Amino acid sequence: MATGKLIVIAAPSGSGKTTLVKRLLEVCPHLSFSISACTRQPRPGEVHGKDYYFYSEDEFRALIDKDAFVEWEMVYTGKYYGTLKSELQRIWDTGHSPLIDIDVQGALAIKKKFPDIARTIFIEAPSVEELRRRLKARGTETEETLEERVNKAVHELRFAQYFERIVINENLEEATAELLKVVEEFTR
Ligand code: 5GP
């Protein structure tokens, strides 16, 4: 596997990570979004091969058997997510650095696998209440999946200390600027 650098961003669901990641990609032409594989259903507007590679559970299992993943995990009940080796290679081959949007366990697994070339960043919401409010406003969750996401977020907060950088997303502009600085420092 040829390697370049890797930016690994983890955050509780509802921390505003997706918007931040989008902003960061706009201002960092040398970063490319690493498209993960997953088995959850696409949300309205999500596209296979752009947001995720959406697979059935059987297809996902076949990829596990082929050792196609750098890491994979059941992130939510019955829903698998994973980073494909071929995806990182695809991006490195273009001369770019992959930006991996991943959950906390996955981020730490990647850091362990690529200690020298990976930089791990944790995005924090200002508070759990704010996080719940943002998740509700998104309108993509049922009462049940919202609670699961909030519980997971609270659990994930405990792992922030294991990340190399923490960015608190209170104000989008400031958080983007801070993220940009971290990425520039590491990739230049
Ligand atoms: P969502 O369903 O909201 O798109 O993503 C749910 C969670 O899965 C997020 O925390 C996201 O970062 C994480 N995730 C996305 N891709 C991967 C991956 O390839 N591996 C792991 N371990 N988690 C991922």
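This text goes with the structure placed above it.
This structure is a prediction, so every number in the text was calculated from the model and none was measured. (Residues numbered from 1 in each chain as written. Predicted model: local features only at pLDDT ≥ 70, side-chain atom pairs only at ≥ 80, totals over all residues. Heavy atoms only, no water.)

1. Thoughts on helix 1 (residues 17–27)
- For helix 1, the complete set of buried residues consists of Lys17, Leu20, Val21 and Leu24. Looking straight down helix 1, one finds its buried side chains confined to an arc of 100°; they lie on one side. For helix 1, exposure combined with an orientation more than 90 degrees from the buried face picks out Thr18, Lys22 and Glu26.
- Taken together, the buried residues of helix 1 touch strand 1 (6–10), strand 2 (31–33), strand 7 (97–102), strand 8 (118–124) and helix 7 (172–187). (Buried < 20%, exposed > 50% of the residue type's maximum accessible area, 1.4 Å probe, protein only. Helix = DSSP H or I, 4+ residues; strand = E, 2+ residues; numbered from the N terminus. Arc of directions from axis to C-beta. Contact = heavy atoms within 4.5 Å.)

2. Re the site of the ligand
- Neighbouring the ligand are 17 residues; Ser36, Arg40, Tyr52, Glu71 and Tyr81 lie closest to it.
- Residue Ser36 places a side-chain N or O atom 2.7 Å away from an oxygen atom belonging to the ligand.
- Arg149 has a polar side-chain atom sitting 3.0 Å from an oxygen atom of the ligand.
- When isolated, the ligand has an accessible area of 520 Å², and the protein chains bury 94% of it.
- Per element, the largest residue contribution to the shell around the ligand is four residues, and it comes from strand 5 (residues 69–76). (Near = heavy atom within 4 Å. Polar contact = N/O pair within 3.5 Å; in protein donor to acceptor, adjacent residues only side chain to side chain. Areas by Shrake-Rupley, 256 points an atom, 1.4 Å probe, with all protein chains shown as cover.)

3. Some remarks on the packing of helix 1 against helix 7
- Two elements in contact, helix 1 and helix 7, have axes whose closest approach is 10 Å; the angle formed by their N-to-C orientations is 55°. Considered as vectors, helix 1 and helix 7 are oriented oblique to each other. Helix 7 is crossed by helix 1, and the crossing has right-handed handedness. The segment helix 1 lies against helix 7, with Thr19, Leu20, Arg23, Leu24 and Val27 engaging Leu172, Glu173, Ala175, Thr176, Leu179, Leu180 and Val183.
- Residues that form the contact of helix 1 with helix 7 fall into these classes: eight nonpolar, two polar and two charged. (Axes fitted to C-alpha atoms, helices over the stretch in contact; angles between N-to-C directions. Parallel < 35°, antiparallel > 145°, perpendicular 65-115°, else oblique. Left-handed = near helix turned anticlockwise from the far one by under 90°. Nonpolar A, V, L, I, M, F, W, Y, C, P; charged D, E, K, R; others polar.)

4. Details of the layout of surface pockets
- Of the voids in this model, the largest pocket is the one considered here, and its volume is about 1100 Å³.
- Lining the largest pocket are 45 residues, with Lys17, Thr18, Arg43, Tyr52 and Asp101 sitting closest to its centre.
- At the level of secondary structure, the elements contributing two or more residues to the lining of the largest pocket comprise helix 1, strand 5, strand 6 (79–84), strand 7, helix 5 (128–138) and helix 6 (143–157).
- Per-element tally for the lining of the largest pocket: the top contributor is helix 1, with six residues.
- Here the lining of the largest pocket is composed, by residue class, of 14 nonpolar, 14 polar and 17 charged.
- Estimated volume of the second largest pocket: approximately 320 Å³.
- Taken together, 15 residues line the second largest pocket, and the ones lying closest to its centre are Arg40, Lys79, Glu141, Thr145 and Arg149.
- Looking at the lining of the second largest pocket, the elements with two or more residues in it are strand 6 and helix 6. (1 Å grid on protein atoms, 1.4 Å probe; cavity = no way out; pocket = protein on both sides within 12 Å on 5 of 7 lines; lining within 4 Å. Points joined across faces, edges and corners; volume = space filled by probe spheres on them.)

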